Each structure stands twice: as structure tokens, then as C-alpha cells.
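A structural walkthrough
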Amino acid sequence: MKHKWILSLFLALWAGVANTADTLEVDNAWIREAPPAAPMLAGYLCLENRTDTPVTLVGVESPLFEFVMMHRTETVNGMARMLHQDKVVIAAGKRVCFEPGGLHLMMPAPEKRLLAGDRVELDLLFEDGTKRHITVPVKAP
Amino acid sequence: MLYSKMKSNIATRVAGRIIPVLAALWLLVSCSQPELPQLAGGTLLPEARPLTPFTLVDDHNAPFTQDSLRGQWSFAFFGYTHCPDVCPNALGALKRVETLLEADGVTPLPRVLFVSVDPARDTPDTLAGYVAYFHPAFVGVTGEDAELKLLTRQLGILYGRSPDSSNDKDYVVDHSAAIILFNPEGHYQALFGIPHDPQKIAADFVAIRDWYEASQ
Ligand SMILES: [Cu+2]
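Below is a summary of the structure that appears in this document. Along each chain, residue indices are assigned from 1 in the same order as the chain's sequence is written. Chains and ligands are labelled by the order in which they are written, letters from A for the one and numbers from 1 for the other. Residue-level local features of this predicted model are given only where pLDDT is at least 70; pairs of side-chain atoms are given and counted only at 80 or more, and the full residue set underlies all totals for whole chains, interfaces and linings. Here the side-chain values reflect all heavy atoms present in the structure, with hydrogen atoms and water set aside.

1. Focus: the overall build of chain A
Helix and strand definitions follow DSSP, with helices as H or I runs of at least four residues and strands as E runs of at least two, each counted in order from the N terminus. When helices and strands are counted, chain A shows 1 helix and 10 strands. The N-to-C order of helical and strand elements in chain A reads α-β-β-β-β-β-β-β-β-β-β. Relative accessibility thresholds used throughout: buried, under 20% of the residue-type maximum; exposed, over 50%; partly exposed, between the two (1.4 Å probe, protein chains only). A buried classification covers 46% of the 141 residues belonging to chain A. A contact between two residues is defined here by any heavy atoms of the two lying within 4.5 Å. Nonlocal contacts in chain A, meaning residues at least 24 apart in sequence, comprise 66% of its contacts between residues at least 6 apart. Per-residue and other accessible areas were derived by the Shrake-Rupley procedure at a 1.4 Å probe size, with only the shown protein chains allowed to occlude residues. Carbon and sulfur atoms provide 56% of the accessible area of chain A, an area that totals close to 7,700 Å².

Structure representation (C-alpha cells):
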């Protein structure tokens, strides 16, 4: 009886994972190598939702950074501003890219400077409570 | 009868004098004013705008004024080092512009200035390390807010602390994303809006420089 309960819990968790984190394609992820004095870093990635239900990214975490913000650069009448994004929705069947001049991850540079070739661990957090772990290279474009 | 004949005689004589003068003037104007260049994306100010005085500081702690812009072409971008997306994009684009111009044999290369509009956090020392990462010849410039405004207002460059900012340390700054071009007289000559395409900026620079030199 107890085993059956654990099994169903496991299945439920697994289903949760399968619903979001595992069914989402993540590609083109990278963090921009920054100048020595740069206090902030930017990261980029693409998310593709191949399911028929929307997926909502609500945050990003990393042991390396104090915090990771989701931002969107918006240029209106030549004025660039960065707007905080509480969540990013990837509609069913759609692809959303964080890329230079648009959506980006923004985080404080760690004490030890990141250089092209380094790899960074990130967790993508979704609204349904699931997580997706990714390893992201640092690149100098 | 006599009167009207006299009048038409005068008219013929006046026209006979004026037409050659006008023709000469037209020739002079059309020779000394070469046609405006066709630009791929930039906006040219056919009447370059002289700058009124301002006093900033460069990344070697030397004064940087309107006179510092004389003697060579300069690109300028206005940003801040806490800006990890737009500013590296623009400086990376300007680095490629310099590489393209160098490959085309352009000498001297235009200078590139990165003007920090966040003097509270960006010191000349911070800027020195920041700009050198993109290109050893890039120059960082900053200064007191009042002096920065003396310059930016003349260029239509806007900036300000974002109301979206959470606190006094981690604020973000909204800023115009245009690249400004100054001619060797230190006058505001052209601007390049977003997106910054290095190929187009390099081609436009050559067109503007050739037009400027032909106009001298
Ligand atoms: Cu940002």
C-alpha cells in the first residue's frame, strides 16, 4: 500500500517534469563574456514549446550569481530601456528567444571573472513548479 | 511709345547682366556643394552643428571638452557599464566598424568614444578597463551630470534613472541608443539609430567623409 502511494507520487512528479521542463527545447544558450570592470552580465537562450499548452518561465537561478533577472530591452523613439519581466510565456507551438537587444537574463558578475569557454549552471523555473537544469557556455561574440 | 521702348531696352540690358551672373553662381554652387551622399541607414545633418562648451573627463583623467573633438572624426555612444545588453552590442558593432574601415584602408580611423551617463558609478578608471576590452584605442568619457547634460542636450541624447529601478545601488539607466558622428571640426555631423549594422555604418562613414572632404 505504502509502495503504491510512493509510486503514484513519483509518477505525479515525473508527469509534472514531463509536462514542462522536459518537453521544452532549450538551445542557443550563452552568456556574454564581459569587460573586466563590467558589474553586470547578460545571458541569452531560446525556448521552444512543442506541446499544445502554454509554458510559463517565472525565474532563473544559479549557484554562481546572487540573482538572475529576466529583462527585456525595449527601444522606443531611439530610447533604450530595460524592463523587468516577472514571467515569460511560451505559447503552445511557439519559440521565444532571449537575444541581444531584446529579452535577456541579467545578473551581477561574480567575483571571479567569467571568460569565454567557462561553463555556468542555470536552473530555469516554471510556473507549475518544475525546473530545467542547463549548462551554459560563456562566449565572446 | 518712347517711354515703353526705353523700358524694354533697360529690361533687356538688366537681363543680359543678371543671367550670366546667375549662371556663374549656379556653377559655383553646384561645384562647391557636392550632392548629399546616399546613406544606408545613417542620418546626415547637411549643416553640421557646432557644439557649445562642456567640460568632461576622459579615462586618463584628462579634461575632455568640445575642443577635444577637433582634428579627427569621432563616433560616440552614450551608455553605462552596468548595461550588459545594449552597450556591449553597440561597442561590439563599433569595433567591427573599425575593423571594416581598417580593411578598406581608411586612415586615420575615426575615434570611438564611450560616454558614461552614470557618473555616480562609473569612474574614469572603471571606464578605462571597460572600453579597452573592446578596442585599445576606444576612449571612455564621463563627468558631472550638469556637464554631461550640456553635451547630450545638444545632440538630442536623453538619459535618466529608470523608474523601474529597485534601489539606489542596482538601478538601471534608460538612455538613447543612437551612435553620434562628429566631423574633424568637432561638429555634430550624423547619427546612426538602432539596430547598429557595422557594414552600413562603415559604408555610411566613408560616404559622409568623402562628401565632407569634397565640400571643403
Ligand atoms: Cu537588463
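2. Points about unusual backbone geometry
All names here are of chain B. In the segment running from threonine 107 into proline 108, the intervening peptide bond is cis, with an omega of -10 degrees. Within the fold, proline 108 resides in the loop between α2 (86-103) and β5 (111-116). With an omega dihedral of 0 degrees, the bond running from isoleucine 194 to proline 195 counts as a cis peptide bond. On the secondary structure map, proline 195 appears in the loop between β10 (188-192) and α5 (198-215).

3. Some thoughts on the coordination of the copper ion
Residues and elements named next belong to chain A. Protein-derived coordination of the copper ion comes from His71 (ND1), Met82 (SD), His104 (NE2) and Met106 (SD), at a distance range of 2.1 to 2.4 Å. Distances up to 2.8 Å from the metal define which N, O and S atoms are donors, and 3.2 Å serves for Na, K and Ca; water is absent from the atom set, so sites may look incomplete. Any site counts as irregular unless it has four donors with all angles between 85 and 135 degrees, making it tetrahedral, or four or six donors with opposite ones more than 155 degrees apart and the rest between 65 and 115, making it square planar or octahedral. Given 4 donor atoms and angles of 96 to 122 degrees at the metal, the environment of the copper ion is assigned as tetrahedral. In the primary sequence, the donor residues of the copper ion line up as H-x10-M-x21-H-x1-M. Taken together, the positions of histidine 71 in strand β4 (residues 69-76) and methionine 82 in strand β5 (residues 79-84) put the pair 11 residues apart, joining distant regions of the chain. This pair shows no difference in class: histidine 71 is buried, exactly as methionine 82 is.

4. Some thoughts on the environment of glycine 140 of chain B
All names here are of chain B. Locating glycine 140 in the fold gives a position in strand β6 (residues 139-142). Glycine 140 sits in the buried class, given a relative accessible area of 0%. In this structure the C-alpha to C-alpha distance between glycine 140 and glycine 129, which are 11 residues apart in sequence, comes to 9.0 Å. Not counting chain neighbours up to four residues away, the residues in contact with glycine 140 comprise Val57, Asp58, Asp59, Phe114, Leu127 and Val131.

5. Concerning the side chain of histidine 196 of chain B
Residues and elements named next belong to chain B. Along the chain, histidine 196 falls in the loop between β10 and α5. In terms of polar contacts, histidine 196 uses its side chain to reach the backbone carbonyl oxygen of alanine 177, at 2.7 Å. Here the side chain of histidine 196 touches glycine 193 through a polar contact of 3.1 Å, landing on its backbone oxygen. Here histidine 196 is in contact with Phe77, Ala90, Ala93, Ala177, Ala178, Ile179 and Ile201, once residues within four sequence places are set aside. Under this definition, polar contacts are N or O atom pairs within 3.5 Å; protein pairs additionally need one hydrogen-donor-capable and one acceptor-capable atom, and for neighbouring residues in sequence, both atoms have to be side-chain atoms.

6. A few points about the sheet that holds β10 of chain B
Backbone-to-backbone hydrogen bonds pair the strands of a sheet. The strands run either parallel or antiparallel. Residue and element names in this part refer to chain B. Pairing between strands is defined by DSSP: at least two bridges between the two strands are required. Ordered in space as β1-β10-β9-β4-β5-β6-β2-β3, the 8 strands form an open sheet in which the pairing is mixed. The open sheet has two edge strands, β1 (43-49) and β3 (63-65), and neither has a second partner. Averaged over all adjacent pairs, the angle separating strand axes in this sheet is 30 degrees, with direction ignored. As paired elements, strand β2 (residues 55-58) and β6 share 2 bridges and run antiparallel to each other. Residue pairing for β6: valine 57 is matched across the bridge by threonine 142. Where helices are involved, their axes are fitted lines through C-alpha atoms of the stretch in contact, as for all axes, and angles between N-to-C directions lie from 0 to 180°. The strands touched by α2 within the sheet are β4 (74-79), β5 and β9 (179-182), with β4 carrying the most contacts at an inclination of about 170 degrees.

7. Some words on the pairing of β4 of chain B
All names here are of chain B. The element β4 is extensively covered by neighbouring structure, given that 6 of its 6 residues are classed as buried. Both faces of β4 are covered, namely the face carrying Ser74, Ala76 and Phe78 and the face carrying Phe75, Phe77 and Gly79. By the bridge criterion, 6 bridges tie β4 to β5 in an arrangement that is parallel. Across the sheet, glycine 79 pairs through a bridge with serine 116, a residue of β5.

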